[in-house]
Amino acid sequence: MSEESNEALTPGSPEQYAIGVSFGNSYSSIAHITGEGKVEVIANEEGDRQIPSILSYVDGEEFHGTQAKAQLVRNSKNTIAYFRDYIGKEYKSIDPTPCHASAHPIESDGTIAFSVHDTDSETANNVTVPEVTIRHLRRLKNSASDYVGKTVTSAVVAVPTDTNDEQKAAISKAAESLQISILQFIPEPIAALLAYDSRSSDSATDKTVLVVDLGGNRSDAAIIASRGGLYTILATAHDYELGGAQLDQVLVDHFAKEFEKKHKSDPRKNERALAKMKIEAEAVKKTLSQSTSATFSVESLADGIDFRSTVNRTRYEILALKTFTKFTQLVNEVIKKAGLDVLDIDEVILSGGASHTPKIANNIAALFPDSINVFSPSTSASALNPSELSARGAALQASLVEEFEKEDIEQSTHEMVTVTPHLTNAIGYQVSGKAGFTIIVPTDTAVPARRTQVISGLEGDVLVRISEGEREIKVTQPPPKAKAETNGAKASDDEDSDEDESEEEPEEIREKAWKPKQPLAEFIFQGLKKNSKLEVIVNVDAELALNISARQVGGKGGVRGEIKASGVTPNGSA
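One numbering rule holds for all chains: residues counted from 1, following each sequence as written. It should be noted that, the model being predicted, local features are given only for residues of pLDDT at least 70 and side-chain atom pairs only at 80 or more, the latter also being counted only at that level, while totals for whole chains, interfaces and linings use all residues. Excluding hydrogens and water, the side-chain values take into account all heavy atoms of the structure.

**Description of the overall build of the protein chain**
So, point 1. Counting from the N terminus, the helices are the DSSP runs of H or I reaching at least four residues and the strands are the DSSP runs of E reaching at least two. Scanning the protein chain for helices and strands turns up 14 helices and 27 strands.
So, point 2. In the protein chain, which comprises 574 residues, the proportion classed as buried is 46%.
So, point 3. Considering only contacts in the protein chain between residues 6 or more positions apart, those separated by 24 or more positions represent 65%.
So, point 4. Residue-level accessible areas treat just the shown protein chains as cover; the underlying method is Shrake-Rupley with a 1.4 Å probe. Approximately 28700 Å² of the protein chain is accessible, and the part contributed by carbon and sulfur atoms is 46%. Burial here depends on accessible area, computed with a 1.4 Å probe over protein chains only, as a share of the maximum for the residue type. Under 20% is buried, over 50% is exposed, and the range in between is partly exposed. Any two residues whose heavy atoms approach within 4.5 Å are treated as being in contact.

Here it is as structure tokens:
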């Protein structure tokens, strides 16, 4: 739909309407909140909800998304792809490798551009990355406006955690030229977590979440502390050469070798044949995420020869073993960077297109205890589509902030406001006569914070001690298995030797436990009736003063104490 017809939707002053945008290097998505208050990912004119971030030009006509992606085979020199990571950067700092099968980035007047025939003229034009961004965002805006019947006027945009201020400013400038106000940039892992938390009635639960975003050309991981509904990124890790494209390349190499073995010719040496193989390999990869086998079929692959072959999932997983291992290494890296253990993670969310691959999800799930939820299509029946998480979270955030003035939004998300002190030590309690140390306020909780804990099942004289807590990992060795006997007689030495060799050593048992470290306060209650309850309230204010009170539920009065809290740390972004 043209800009003119789009503007005709809203004569006069346009109604304010905000959407969520996931601006990916490979694919983009747009989402909004329906009249029923539900999140909906918007399909474009071709029915695609994951829209390739690609533009292509044929005889002056602009193609976008899936139609543009198809031009990578026939019209690669006039097809612009993988430009998102070039926004707001200098030419000397970019890696042009992803663009080898499309228009190559060049330096033009101090900025990054692509030389393409974007008009019906025989002369090529240098289209800068800012202009490409405008054209891409315009198509997304028009698709959303056509779908909802309203002109989109504002958006919340999900971006990687390492997106700098210059890149955000460049995206904002491109959007402003389209009369779109960027209300806020939201980190992609926060958007993914928000998409899941919006489904829960208990989203304010304290938890530590690992979000792994597996994209087309890069992968990112983040550890997020969710405390009372507030999100803090504790650590991030990035691999800029790991993603779905690397898995596609594994299949390309496999089938190219098979073709070469039969026809004595390597199709990868022909640009057009290679482009065909990459597109078909991506389709095969997606099929293998759903089925146990897939067919690779390309007409006139090389030298006019049609090629057709099949591969099963087991074979594919063997071929991609090294690449799959890199995904788990990224997870281990971010956990180590945060100074945590796998037992400290309460929830795992897989985001991005490559998260559909069962082997990746299963390998990551194997790192954690069975009790931890790993949300991906192959590990959880309740998982959302990982390709839509960022757009969903951005749309939810847009619905929360669209009614506010932009100045208020900027002030509330200003660095001086959001970078607040966080507790480095947990605060918990012990009860006399009972084992264990229970956490009230977990580590990495931003202040001010207030937590209430009800202790039940008490009787008689009770001492409640409030202390700072320290997490430890207890490692125990399971008892050795008893050797089996047959008919009351022991097996022969040879049989014992064979049995010992065949049996695997039992794995050690690792458990997370909390122990008291620094006492903060003690409360004594005398003569409690059977099944009495006590309420403990811990309040840490913005000045780091710690107030603790305890009272009997249903009783009169209570005990209060006030001390200065120590062991706080500023919240920094990883």
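**Digging into the sheet that holds strand 15 (residues 230-239)**
So, point 1. A pair of strands is considered paired only if DSSP assigns at least 2 bridges between the two. Taken in spatial order, the five strands make up an open sheet running 15-14-13-18-19, and their pairing is mixed. Here the strands that pair on one side only, and so sit at the sheet edges, are strand 15 and strand 19 (373-375). Going from strand to strand, the sheet's axes swing by 15 degrees on average, the running direction of each strand aside.
So, point 2. Note on geometry: axes are lines fitted to C-alpha atoms, helical ones only across the stretch in contact, with angles between N-to-C directions running from 0 to 180 degrees. Its contacts with the sheet place helix 5 (residues 188-197) against strand 13 (207-214), strand 14 (219-227), strand 15, strand 18 (347-351) and strand 19, and it is angled at close to 120 degrees to strand 13.

**Some details on the pairing of strand 6 (residues 61-64)**
So, point 1. Inspection of the sheet shows strand 5 (residues 54-58) paired to strand 6 by four bridges, in the antiparallel sense. Following the sheet pairing, Tyr 57 is matched in strand 6 by Glu 62.
So, point 2. Between strand 5 and strand 6, which pair antiparallel in sequence order, lie two residues; one of them, Asp 59, sits at a positive phi of approximately 55 degrees.

**Quick notes on the environment of Thr 328**
So, point 1. As for its position among the elements, Thr 328 is in helix 9 (residues 321-337).
So, point 2. Residue contacts for Thr 328: discarding those within four places in its chain leaves Asn 363, Ile 364 and Leu 367.
So, point 3. Under this definition, polar contacts are N or O atom pairs within 3.5 Å; protein pairs additionally need one hydrogen-donor-capable and one acceptor-capable atom, and for neighbouring residues in sequence, both atoms have to be side-chain atoms. Here the side chain of Thr 328 touches Thr 325 through a polar contact of 2.7 Å, landing on its backbone oxygen.

**With respect to the pairing of strand 5**
So, point 1. In terms of burial, strand 5 is largely enclosed, as four of its five residues are buried.
So, point 2. One ladder, built from three bridges, connects strand 5 with strand 7 (residues 79-81); its direction is antiparallel. From the neighbouring strand, Ile 54 faces strand 7, where its bridge partner is Ala 81.

**Observations concerning the sheet that holds strand 8 (residues 105-108)**
So, point 1. A sheet is described by the order of its strands in space; here three strands give the open sequence 8-9-10, paired in antiparallel fashion. Strands with a single pairing partner mark the edges of an open sheet, and in this sheet they are strand 8 and strand 10 (125-128). Along the sheet, successive strands turn relative to each other by an average axial angle of 50 degrees, direction set aside.
So, point 2. Pairing of strand 9 (residues 111-116) with strand 10, which is carried by four bridges, proceeds in the antiparallel orientation.

**Looking at the packing of aromatic side chains**
So, point 1. Aromatic rings from Phe, Tyr and Trp, with only the six-membered ring used for Trp, were paired whenever their centres fell within 6.5 Å, and each pair was classed as stacked if the ring planes differed by under 30 degrees, edge-to-face if by over 60, and tilted otherwise. Counted under the stated rule, the structure contains seven aromatic pairs.
So, point 2. Residues Phe 255 and Phe 307 carry aromatic rings whose centres are separated by 6.4 Å and whose planes lie at 70 degrees to one another, so their mutual orientation is edge-to-face. Taken together, the residues span a long stretch of sequence, with Phe 255 in helix 6 (residues 244-263) and Phe 307 in strand 17 (residues 305-312) at a distance of 52 residues.
So, point 3. Phe 307 gets classed as buried once you look at its relative accessible area, which sits at 3%.
So, point 4. Centroid distance Tyr 316 to Phe 324: 5.9 Å. Interplanar angle 85 degrees. Geometry classified as edge-to-face. The two residues Tyr 316 and Phe 324 agree in class, both being buried.

**What to know about the confidence of the model for the protein chain**
So, point 1. The pLDDT averaged across the protein chain works out to 88; a share of 87% of its residues lies at or above 70.
So, point 2. Within the model, pLDDT remains below 50 along residues 414-418, and this stretch shows five contacts once partners closer than five positions in the same chain are excluded.
So, point 3. Here residues 565-574 is modelled with pLDDT under 50, and outside its nearest four sequence neighbours on either side it reaches 29 contacts, counting other chains as well. By definition, pLDDT measures how confident the predictor is in each residue, and it falls between 0 and 100.

**So, the pattern of salt bridges**
So, point 1. What makes a salt bridge here is a side-chain nitrogen of Lys or Arg within 4 Å of a carboxyl oxygen of Asp or Glu, nothing more. Scanning all chains against the criterion turns up 24 salt bridges.
So, point 2. A salt bridge links Arg 218 to Asp 162; the nearest nitrogen and oxygen atoms lie 3.0 Å apart. Here Asp 162 lies in the loop between strand 11 (154-159) and helix 4 (165-176) and Arg 218 lies in the loop between strand 13 and strand 14, a separation of 56 residues in the sequence.
So, point 3. Across the pair Arg 268 and Asp 253 runs a salt bridge, and its minimum N-O distance is 2.9 Å. Placement of the pair is Arg 268 in the loop between helix 6 and helix 7 (271-290) and Asp 253 in helix 6, with a sequence separation of 15 residues.
So, point 4. Judged by relative accessible area, Asp 253 falls into the partly exposed class, the value being 24%.
So, point 5. Residues joined by salt bridges that share partners form a network here, namely Arg 84, Asp 85, Asp 162, Arg 218 and Asp 220.

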